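# Structure at a glance
Listed below, chain by chain, are the residues.
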Amino acid sequence: MKPIEGRKRVVIEGINPQVDCGRYPAKRILGDIVTVTAAVFGDGHDHVSGRLLYRHSSAKDWQSMPLSPLTNDLWSASYTVDALGDWLYTLEAWVDHFDTWSADLQKRLAAQPGQPGVSSSAESQDIPLALRSGALLLEQAAGRAKGPDSKRLADEAARLLELANAKSETYDNPLTDEILALVAQYPDLTLATRYSQDLHLWVDRERARYSTWYELFPRSTSPDPARHGTFADVQALLPTIAAMGFDVLYMPPIHPIGKAFRKGPNNSVTSTETDPGSPWAIGAKEGGHKSILAELGTLKDFDALVAATREHGMELALDIAFQCSPDHPWVAEHPDWFNIRPDGSIQYAENPPKKYQDIYPLNFESPDWRGLWEALRDVFTHWIKRDVKIFRVDNPHTKAIPFWEWCIGEIHKKYPDVIFLAEAFTRPHVMYSLAKAGFSQSYTYFTWRNRKDELREYFEEITKPPVTDFFHPNLWPNTPDILHATLQNGGRPAFMQRLILAATLGANYGMYGPAYELGENLPAKPGSEEYLNSEKYEIRHWDRSASTSLAPLITKVNQIRRTNPALQSDGSLHFHNVDNSNILCYSKWSGDNQILVAINLDPTQEQAGWIDLDLKELAIPHNETFDIEDLLTGTHYQWHDRSNYVALRPDVMPAHIFRLLRRPIVETAQTP
Ligand SMILES: O=P(O)(O)O[C@H]1O[C@H](CO)[C@@H](O[C@H]2O[C@H](CO)[C@@H](O)[C@H](O)[C@H]2O)[C@H](O)[C@H]1O
C-alpha cells in the first residue's frame, strides 16, 4: 500500500523511555530531567535533524528541544517535568537539506587550491554553483522565518549569490555559527516524519520514589493495657515516630469489623465476644469502607490525626482492602457484587494457600460491574476528601487489573498527587502489570531475598530499565503477615542487617514498626511466617522503653537517608565484587553525594573480605587515596585504589554505610 506521503524519508525507531510500545505511560518524578533517545536515520548520505516535542496534557501547545546525535544513528534530547500528572512526548525528524549542503560545502572549500595536498581550482569544485544552491536554501528558510530573522536570512542568501557571481579563485567559509543557528530555528518540516504515536509520561511527586513507612495498629496504641487504642493515642505517638525519621504512617483498615466468622487469636476460625477480629474483615451493621470503627474514635478525631500527622512532617496512609465481611452493608444491598453459589452461599476469600474465612471477595464479573467499579472508586475519593493522599492497597492482584487502570486513572485526573502502594506478593508479571496500570509503588520479594547472589540478581532487575520506567519498589523487612525465618532465627543482628539492607537498597522502605523495633521474632508455629499472638487478631501493648529497642539504630539509618540524596532514588544502585560470599557491597550516587554500603549477611559471626571497587562507577582515578566516613559510627578511613578490606561483626554493627568524601567527576546532571 502506498503511503499518503511517500517522500517522508526519515525513520524513527526504538524511542526510550517507552513502556510496552507506548501502551502504558513511563513514570518520572516532579523535577526530573527526562532524556528521550531513539534511532533516527534516513537513506543515503543526507543529514537528518530532529526534535523532541513535549507538553503537559493540560497544555495546548507543544514545546520542543532539538535532538543531539549520540553515536550510531542514536539521538537524544531532554526536558524537565515541572508539573504533576500526564505528559505527552514524541519525536519528529526530517532530511536536513541545509545541513547536508553546508557539510558538502565545507568539503569543497577544503579541496580548493592552497589547501594541503590540493591542486584543483575553486571552479573545479563547483563552489559558485554550490553557493547558489545554498542561497536558494537560505531564501526558503527566510520564507519560513518571521520579522528580523527573515530579513537576516534573506540578506545572507543575497550575500551568497554575490559571492557566487564574484567567481573568485578561492573562497573562505561564508557560513558563521550565527547563521547556522538561525537556519536551524526554521527547519523545513513539510516532509518531516513524526513518530507514529504521542507517548505518555506520568509524573508523580517525590514521595512516590523516596518514602519511609511505619506501620502500626491503632488499636494497640493505648498506654493503658485495659483499653482499646484510639486515633488520639496514635496522635500522641506522632512525635516518637517522626523522631525516628519516618514520613508515612500507615494504619491497617480502620472500619467497622464484621462479627460473622470473626477470627480469634492466632488466626483461629472461632472467636469469643471480646475478640476484636481482623481489621481486614471490613464491614458491620455500623457501616463499611467509608465508616470508622467506633472504638478508634470519630471522624473528627480522624481528621485531627490526619492534620497532626502532616504537622509532624509525615502523611497518613490508609489501607484499602476491597473485600467484605458477611456483615458489610454491600452484601445485602448489592448481592450481585458477589459470586453466589448454587446453594445461595458465598465462597470466602483466599490468597492461596491462605484462607480468609471471615471475608467475601468481590466479583469483578458482576453484571453490575460498572456500579461496583464506581463504588470502589468512591471509597478512595471519600478518604481523599479527608486529605488522605497515600493508600496501601491490599491484594490488588485479586481484583481485575483493568479496574485498577480505570480507577487510578480516574483518581489521578483530579488528584495527581495521590500515591498508591500495591500490596501484591504474586507472580512477577502480575506485579509489574499492576505498576503499569498505575500503582505508584509496589511491595517486592525483598523479604524473601536473603543470600548475596539472590539479592544482587533481584536488585539488578528492579532498579534498572525497563523495570524502573514503571515500577518503584518498596522494601519491607517484615509485615504483620511476614516474619521471615531470617528474623526468627538470626536474632538482633538479623534485624539490624535487614533494616540496613531495606533502607539503603531501596529509596522506599517500610516496617511493621512496633514488632520490628522490639525485635519480635516468635512465629505462630515452627515453619510459619505468621507472628505468634499476631496483632492482626488481638490487641497488643508494646513497651517502647525496652533497652533492647532498635529505635536508636532505626533513627540513625533514617537520618542517613534524609541527609544523603544518593539513598533517595534507586537507579544508581551498583554492586561491587567482594571475595566473601557473606558480604554484599553496593554504591549509590546523586550529584556529588556518593554512598557505599558493605554489609555482612551472616548474623552468626564476623565476616571479612576484600572489596574490589568498581573505580569507574565511583569516578575515582586509579591509584587515588580517598577519605571515607562510616556514617553509622562517624569513623574515617583512608582507602586506596580498588582493593580495600572490611571486617564486620554482626553483633556490634553488621554494616558500614560509607560516604565518599571526595568530589566525584559527575558526567551527567540526570537523576539516576
Ligand atoms: O493476602 P496477603 O498475605 O497479601 O495479606 C493481606 O490481605 C489479607 C486479606 O485482606 C489480610 O489477612 C488478614 O485479614 C483477613 C480478613 O480479615 C484474615 O482472614 C486473615 O487471617 C488476616 O491475616 C492480610 O493481613 C493482608 O496483609
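Residues numbered from 1 in each chain as written. Predicted model: local features only at pLDDT ≥ 70, side-chain atom pairs only at ≥ 80, totals over all residues. Heavy atoms only, no water.

In the annotation of an unreviewed UniProt entry, the entry for the protein reads Starch synthase (Maltosyl-transferring), and the organism field reads Tunturiibacter gelidiferens.

## Regarding the overall build of the protein
Rules: Secondary structure counts use DSSP, requiring at least four H or I residues in a row for a helix and at least two E residues in a row for a strand, with both numbered from the N terminus. Accessible area is worked out with a 1.4 Å probe on protein chains only. A residue is then buried under 20% of its type maximum, exposed over 50%, and partly exposed in between. In this description, accessible areas are obtained by the Shrake-Rupley approach with a 1.4 Å probe, and a residue is regarded as covered only by the protein chains that are shown. Neither His nor the chain ends contribute to the count of charged residues, in which Lys and Arg are positive and Asp and Glu negative. To locate a charge, take NZ of a lysine, CZ of an arginine, CG of an aspartate or CD of a glutamate.
Across its full length, the protein carries 15 helices and 30 strands. By principal-axis analysis of the C-alpha atoms, the protein measures approximately 105 × 65 × 45 Å. For the protein, buried positions account for 54% of its 672 residues. About 29,000 Å² of surface is accessible on the protein, with carbon and sulfur atoms providing 52% of the total. Averaging the locations of the 67 positively and 87 negatively charged side chains of the protein gives two centres separated by 3 Å.

## A word on the nonpolar core
For clarity, the threshold we go by: Residues enter a nonpolar core if they are buried and are Ala, Val, Leu, Ile, Met, Phe, Trp, Tyr or Cys, with the set joined through side-chain atoms within 4.5 Å. Two residues form a contact once any of their heavy atoms are found within 4.5 Å.
With 157 residues, the main nonpolar core has Phe302, Phe380 and Phe391 as its most contacted residues. Sequence-distant contacts of Phe380, that is, excluding residues within four places in its chain, are made with Ile320, Phe322, Phe391, Val393, Trp404, Cys407, Ile411 and Phe420. Trp101, Ala135, Ala142 and Ala145 belong to the second-largest nonpolar core, a separate cluster that totals 23 residues.

## Examining empty space enclosed by the protein
Formally: Cavities and pockets are found on a 1 Å grid laid over the protein atoms alone: a cavity is a set of points where a 1.4 Å probe fits but cannot escape, a pocket is an open set with protein on both sides within 12 Å along at least five of seven lines, and a lining residue has an atom within 4 Å of such a point. Grid points are joined across faces, edges and corners, and a volume is the space filled by probe spheres set on the points. We call Asp, Glu, Lys and Arg charged. Ala, Val, Leu, Ile, Met, Phe, Trp, Tyr, Cys and Pro are nonpolar, and the rest, Gly among them, are polar.
Taken as a whole and assessed by the stated rule, the structure comprises one cavity of 30 Å³ or more. Taken as a whole, the largest cavity encloses approximately 80 Å³ of empty space. Surrounding the largest cavity, Phe217, Pro218, Arg219, His228, Pro252, Pro253, Ile254, His255, Ile257, Pro279, Leu293 and Leu296 form its lining. Each residue belonging to the lining of the largest cavity can be placed in one class, and the counts come to nine nonpolar, two polar and one charged.

## So, the site of the ligand
Applicable threshold: The near set for a molecule or strand comprises every residue that places at least one heavy atom within 4 Å of it. Identification of polar contacts relies on pairs of N or O atoms within 3.5 Å, with a donor-acceptor requirement for protein atoms, meaning one able to donate a hydrogen and the other able to accept it, and with residues adjacent in sequence counted only if both atoms are side-chain atoms.
In the neighbourhood of the ligand, 18 residues make up the surrounding shell, with Ser278, Tyr356, Asp358, Asp481 and Tyr537 lying closest. Contact distances for the ligand include 2.7 Å between an oxygen atom and a side-chain N or O atom of Lys354. For the ligand, the accessible surface in isolation is 550 Å², of which the surrounding protein chains cover 97%. Mapped by element, the contributors of at least two residues to the shell around the ligand are β16 (354–356) and β18 (390–394). Partitioning the shell around the ligand into residue classes produces five nonpolar, five polar and eight charged.

## Quick notes on the environment of Asp303
Along the polypeptide, Asp303 turns up in helix α6 (residues 299–311). Within the structure, Asp303 has its side chain in polar contact with the side chain of Arg386 (distance 2.7 Å).

## Topic: the packing of aromatic side chains
The cut-off we apply is this: Within 6.5 Å between ring centres, the rings of Phe, Tyr and Trp (the latter by its six-membered ring) count as paired, and their orientation is classed by plane angle as stacked under 30 degrees, edge-to-face over 60, tilted in between.
Tallied over the full model, the rule gives 42 aromatic pairs. With a centroid separation of 5.2 Å and 85 degrees between ring planes, the pair formed by Phe425 and Trp448 is classed as edge-to-face. Highlighted residues: Phe425 in the loop between β19 (419–423) and α10 (428–437) and Trp448 in the loop between β20 (441–443) and α11 (452–462), separated in sequence by 23 residues. Taken together, a centroid distance of 5.6 Å and an interplanar angle of 80 degrees make the contact between Tyr432 and Phe470 edge-to-face. Residue Tyr432 is found in helix α10, and its partner Phe470 is found in the loop between α11 and β21 (473–475); the two are separated by 38 residues along the sequence. Given the relative accessible area of 6%, Phe470 is considered buried. Through successive ring pairs, a cluster of aromatic residues spans Phe322, Phe364, Trp369, Trp373, Phe380, Phe391, Phe403, Trp404, Trp406, Phe420 and Phe439.

## Examining the sheet that holds strand β6 (residues 68–69)
We apply this condition: Note on pairing: two strands pair once DSSP finds at least 2 bridges between them.
Spatially, the four strands line up as an open sheet ordered β1-β3-β7-β6, and their pairing is antiparallel. A strand with exactly one partner marks an edge of an open sheet, and here the two such strands are β1 (11–16) and β6. Sheet analysis places strand β3 (residues 33–41) next to strand β7 (residues 74–80), joined by seven bridges and oriented antiparallel. Looking at the pairing, Val34 lines up with Tyr79 of β7.

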